[in-house]
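Take a look at the letters that make up each chain.
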2 protein chains.
Amino acid sequence: MASSVPRTVYLGTFISAPHAGPEAGLEIRDGAVLVSAGGVIEKCDWSVRSAEEARAVFGVGEEVGVRTLGEGEGNGFWFPGFVDTHIHAPQYPNTGIFGQSTLLDWLETYTFPLESSLGNPNSPLYTSHPTHNAPTDPLTRAKQIYRRVISRTLASGTTTAAYYATIHVEATNALADLALELGQRALIGRVCMDEARTCPEYYRDESTEVSMANSRACVEHCRTLDPSGERIKPILTPRFAPSCQLSTLTALARLAKQEHLMVQTHISETTSEIEMVRRMFPDSDSYAAVYDDAGLLGEKTILAHAVHLSKEERALVRERKAKVAHCPASNSALGSGYCPVRTLLEEGIDVGLGTDVSGGFSLSVLEAVRQAYLVSRTVAYHAGGNTKYNIGLAEGLHLATVGGAKVVGMEGRMGAFREGMLWDVQEVGLGRVDGNGKGESSAVDLFGWEFWEEKVAKWVWNGDDRNVKRVWIGGRLVHGQD
Amino acid sequence: MASSVPRTVYLGTFISAPHAGPEAGLEIRDGAVLVSAGGVIEKCDWSVRSAEEARAVFGVGEEVGVRTLGEGEGNGFWFPGFVDTHIHAPQYPNTGIFGQSTLLDWLETYTFPLESSLGNPNSPLYTSHPTHNAPTDPLTRAKQIYRRVISRTLASGTTTAAYYATIHVEATNALADLALELGQRALIGRVCMDEARTCPEYYRDESTEVSMANSRACVEHCRTLDPSGERIKPILTPRFAPSCQLSTLTALARLAKQEHLMVQTHISETTSEIEMVRRMFPDSDSYAAVYDDAGLLGEKTILAHAVHLSKEERALVRERKAKVAHCPASNSALGSGYCPVRTLLEEGIDVGLGTDVSGGFSLSVLEAVRQAYLVSRTVAYHAGGNTKYNIGLAEGLHLATVGGAKVVGMEGRMGAFREGMLWDVQEVGLGRVDGNGKGESSAVDLFGWEFWEEKVAKWVWNGDDRNVKRVWIGGRLVHGQD
């Protein structure tokens, strides 16, 4: 993993989301990028057009390889890897399964049985869903699911993911091991949930003490795997306020401060959840205040959803510099609500995108970009057709890369083609239709007359993992053929 | 085309949407279906489990082949082909390209230039989007695009499509030729638009007389290709009220009555369009009344969108037995509004799904099912969380098959596995994850413990053309390897 990769020149069309601010246009440039043996961008040049020119401009010889786009000119491009700021790895087998449920009954019916099956051999899932085709040992099952999640998210261009695991130490550590093995940058969160009023007996921590001891064990495991925290980073993960005892929330906050740890949790996903928080935490002024009163709201905190925050809560979130993981697919599919992302951005809150598997039905961040666009149109429509609420494609891609980097504490390290940034990149290839209307099977068909902005739009709306030809993380090829 | 196909037994798991009404559950049955040489279901049996049993029950010998599911037991199923009740074939190259536009500026900016390029060598598209890679002869370009659209929709499981073409006779006839060649059931509509106030000079019929003569020419061509109208059926296609002179609308209505023709048009897609109709047709009481006053509203009429119909308009539509093509992806992406499908259904209006390429961003009817679900959740959310507005997956699949059949005038002929119905069927195969978390590249991963309802849910939410292994229409294999 820490092994170095060959110093390499990448040549072709480089496209990235607007870096300065989400309102600008796409950055589309031809040229070359020199990547160090450590996987960091050394130099960029937007004038060269050939391997020879690139070697001359960068002052490197034949020992440095030059990689061109496999799909050829006009049909492929380099794009920064996606950051998924909110994904529940153990829930992946349930993607698309939610019936007509909404958040709270969805948790009871679909989610807790599946999550518990990764550590508890008596999980109700083993009774309700018997099988002869899948592992029935919890840890084996966890490894099966986690390997698949990481492989499939990598194949969809996700280079960094902020994972929720389960409450189980062994399975959570296995997720960290697999992310390291497969080369994905990952935030690994053991889920804390110990409130008997909301967590089923078969799936909860027994006490604040157990919750803290198990959380520490997972933090230590991650730090042993990767002391730098650049690849594998532990993140404290109280599921959400109603699932944690107040003593646990405050103990987690203390640990976060002592150990400089990141924190992730959910906030204001649905109105009935907010009502529950109000009943359970009568001493706090708001949902956001519950976290703030416990000491959990800081610049290293990722808040998922934030659909229904009040103006006062948004001001508090911004004041504390906490980040938001916007999860549009999940919110729309579960009928949770429509997050006013434009408002959050304008008020100065950092926002990234989350797939929220499996409240979200897809592990593709590109699908999250689409859904963010659609959610913003819903917000605009119900604000009397006020188009200022629209989130366009360039903005969506900004949230998926630059925005996501801010949310996971990697601001300035990824999301663009700039000196000093990591080579966390996907090579995108689109499908070409020939003059007779034939072409390979691809959900994105180029007819030959599209401008780059149009090609990117076609990719965003119809692209899938078939268009992700190769993925590098820190300069290492982690998906696709060399 | 009219050639017969071998009499065949299909064996395995047969799944279809609820046939009686959309509220019922999926029909999931193991068994066998005998399909005649004419491509019609002769018999169904839900007790047999093997080729031998099937031959015995159906009383057929070795001369009748037995086809099993290629993906094997538990991982694949037979499902009725999809009906796309609204798709603009010439707009396919623009899928995903709409920027921040809404309907009326989208037509001007993106749609008319592209459509006109299929017949007019002076189309502005040839100037704005020059290319060395695509045909520049309009008819050659039309054939390129149409072959691709038909191939890709077939590959996505669409067995019947109600197409809008362009105003051009030659290109429209080429669409009919290609549908016949490739084996897709198609309604072929030459677009009528001759109102100078709304149609650009470079793309409109010159007069009512030209509009009618050209429409007749396309009707005749379709009837020459397929006198039965079972495969290729002409459909009169006034684009929408604002694009047609009143004299043209009434002349089309007369022709439809004389020749027993179907009619398709748009209605109430956006509020600004409704406002325009009000200004342009001051003598009619409503948008629906414009069509009714012209004589165009009947049981053979397909109305696309119907997002903003008033209660009175819905009553009129139902009274006339006109059908609705619900186009959720398009409506959401263009910010047009959220069609209250549940209300339409409860009031007794027949509804099918349309992809509305390229207002809709995807040619997949499965995507339309997903978007119908999401739109219904938006309607429910903004009705105070009233879940009665939700359209579930079984209902969405009902609209995509049984509902669509009603809309295109094929009620009772397709959409289920019943004696006398056509063998218009897709073979669906899902991806299997092995115990180590590995498996083929598929957007749908089965882990081995899912029930059939859950497998179908996973397919609907994440399935794509990779899961459509083979497609038959009228018993003829039209997509996939034999």
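Residues numbered from 1 in each chain as written. Chains lettered and ligands numbered in written order. Predicted model: local features only at pLDDT ≥ 70, side-chain atom pairs only at ≥ 80, totals over all residues. Heavy atoms only, no water.

As recorded in an unreviewed UniProt entry, chain A goes by Probable guanine deaminase and comes from Endocarpon pusillum. Under the UniProt heading Sequence similarities (unreviewed entry), the entry covering chain A gives this text: "Belongs to the metallo-dependent hydrolases superfamily. ATZ/TRZ family." (UniProt positions renumbered as here; feature names shortened; annotations may be inferred.)

Participant: Give a description of the overall build of chain A that names residues and reports values.
Facilitator: Looking only at helices and strands, chain A features 15 helices and 19 strands. Here chain A has a C-alpha radius of gyration of 22 Å; the compact-globule value for 482 residues is 23 Å, and the two agree. When the backbone C-alpha atoms are referred to their principal axes, chain A occupies close to 65 × 55 × 45 Å. Every one of the 482 residues in chain A was classed for burial, and the buried ones make up 68%. Here the contacts in chain A between residues at least 6 apart in sequence split such that 72% fall between residues at least 24 apart. Accessible area of chain A: about 15700 Å², with a carbon and sulfur share of 48%. (Helix = DSSP H or I, 4+ residues; strand = E, 2+ residues; numbered from the N terminus. Rg over C-alpha atoms; globule rule 2.2 N^0.38 Å. Buried < 20%, exposed > 50% of the residue type's maximum accessible area, 1.4 Å probe, protein only. Contact = heavy atoms within 4.5 Å. Areas by Shrake-Rupley, 256 points an atom, 1.4 Å probe, with all protein chains shown as cover.)

Participant: How would you explain the relation of the copies chain B and chain A if you had to name every residue and give the values?
Facilitator: Each copy superposes on the other: chain B lies on chain A with an RMSD of 0.0 Å after a rotation of 180° and an axial shift of 0.0 Å. Within this description, the copies of the chain are treated as partners about a two-fold rotation axis. No C-alpha of chain B lies nearer the rotation axis than that of B:T378, which sits 4.0 Å from it. Comparing contact sets, 100% of the residues at the interface of chain B also lie at the interface in chain A, consistent with an isologous, same-surface contact. (Least-squares fit on C-alpha atoms with pLDDT ≥ 70 in both.)

Participant: I'd love a proper account of the side chain of A:S156, names of residues and values included.
Facilitator: All names here are of chain A. Relative to the assigned elements, S156 resides in the loop between α4 (138–155) and β7 (158–164). Note on S156: relative accessible area 9%, which makes it buried. Discounting chain neighbours no more than four positions away, the residues touching S156 are F82, L363, S364, Q426, D465 and V468.

Participant: How would you sum up the pattern of salt bridges? Please name residues and give values.
Facilitator: All names here are of chain A. Under the counting rule described, the total for this entry stands at 55 salt bridges over all chains. Across the pair E42 and R7 runs a salt bridge, and its minimum N-O distance is 2.8 Å. Of this pair, E42 sits in strand β3 (residues 41–45) while R7 sits in the segment before β1 (8–16), and the two are 35 residues apart along the sequence. Classification of E42 as partly exposed rests on a relative accessible area of 27%. Among the salt bridges present, the one from R370 reaches E367, with a minimum N-O distance of 2.9 Å. Taken as a pair, R370 and E367 lie in helix α13 (residues 365–382) at a separation of three residues, close to a single helical turn. Both residues of the pair, R370 and E367, count as buried. (Salt bridge = Lys/Arg side-chain N within 4 Å of Asp/Glu carboxyl O.)

Participant: Give me the environment of A:A17: which residues, what numbers.
Facilitator: Residue and element names in this part refer to chain A. With respect to the secondary-structure elements, A17 resides in the loop between β1 and β2 (27–35). For the pair formed by A17 and G403, sequence separation is 386 residues and the distance between their alpha carbons is 9.9 Å. In this view, A17 contacts L26, E27, F79, A394, L397, H398 and T401; residues no more than four positions away in its chain are not counted.

Participant: How would you sum up the nonpolar core? Please name residues and give values.
Facilitator: Where a protein is soluble and globular, its nonpolar side chains tend to be buried together. With 170 residues, the main nonpolar core has A:Y291, A:L397, A:W459, B:Y291, B:L397 and B:W459 as its most contacted residues. Those residues within four positions of A:L397 in sequence are excluded, and the remaining contacts are A:A17, A:L26, A:F79, A:F82, A:L366, A:V369, A:V456, A:W459 and A:V460. (Core = buried A, V, L, I, M, F, W, Y, C linked by side-chain atoms within 4.5 Å.)

Participant: Tell me about the confidence of the model for chain A, and name the residues and values.
Facilitator: Looking at chain A, the pLDDT average stands at 95 and 98% of residues meet or exceed 70. Scoring of the predicted complex yields 0.97 for pTM and 0.97 for ipTM. (pLDDT = per-residue confidence, 0-100.)

Participant: Can you break down unusual backbone geometry residue by residue, with the values?
Facilitator: Leaving glycine out, the prevailing phi sign among residues is negative, and the prevailing peptide bond configuration is trans. Residue and element names in this part refer to chain A. Following V357, the chain continues into S358 via a peptide bond in cis, with omega recorded as 0°. Here S358 shows up in the loop between β14 (351–353) and α13. Within the chain, S268 stands out as a residue other than glycine whose phi angle is a positive 45°. When you line up the elements, S268 lands in the loop between β11 (262–267) and α8 (271–280). Residue S268 is classed as buried on the basis of its relative accessible area of 0%. One non-glycine residue with positive phi stands out, namely H305, at about 90°. You can see H305 is positioned in strand β12 (residues 301–305). Of the residues examined, H305 reaches a relative accessible area of 0% and is grouped as buried.

Participant: Go over the domain arrangement of chain A, please, and point to the residues and values.
Facilitator: By a frequent convention, interface size equals the accessible area lost on bringing the separate parts together. Residue and element names in this part refer to chain A. What the domain assignment lists for chain A is domain 1 (8–80 + 416–479) and domain 2 (82–407). Each of domain 1 and domain 2 has a C-alpha centre, and the two are 31 Å apart. Counting across the domain 1 and domain 2 interface gives two salt bridges. The salt bridge involving R152 is made with D465; its shortest N-O contact spans 3.5 Å. Viewed at the interface, domain 2 and domain 1 are joined by seven residue pairs in polar contact (both at pLDDT 80 or more). Among the elements of the structure, β5 (76–80), β15 (425–429), α15 (452–462), β18 (468–473) and β19 (476–479) are those that each provide at least two residues to the side of domain 1 that touches domain 2. (Domains from an automatic or database assignment. Polar contact = N/O pair within 3.5 Å; in protein donor to acceptor, adjacent residues only side chain to side chain.)

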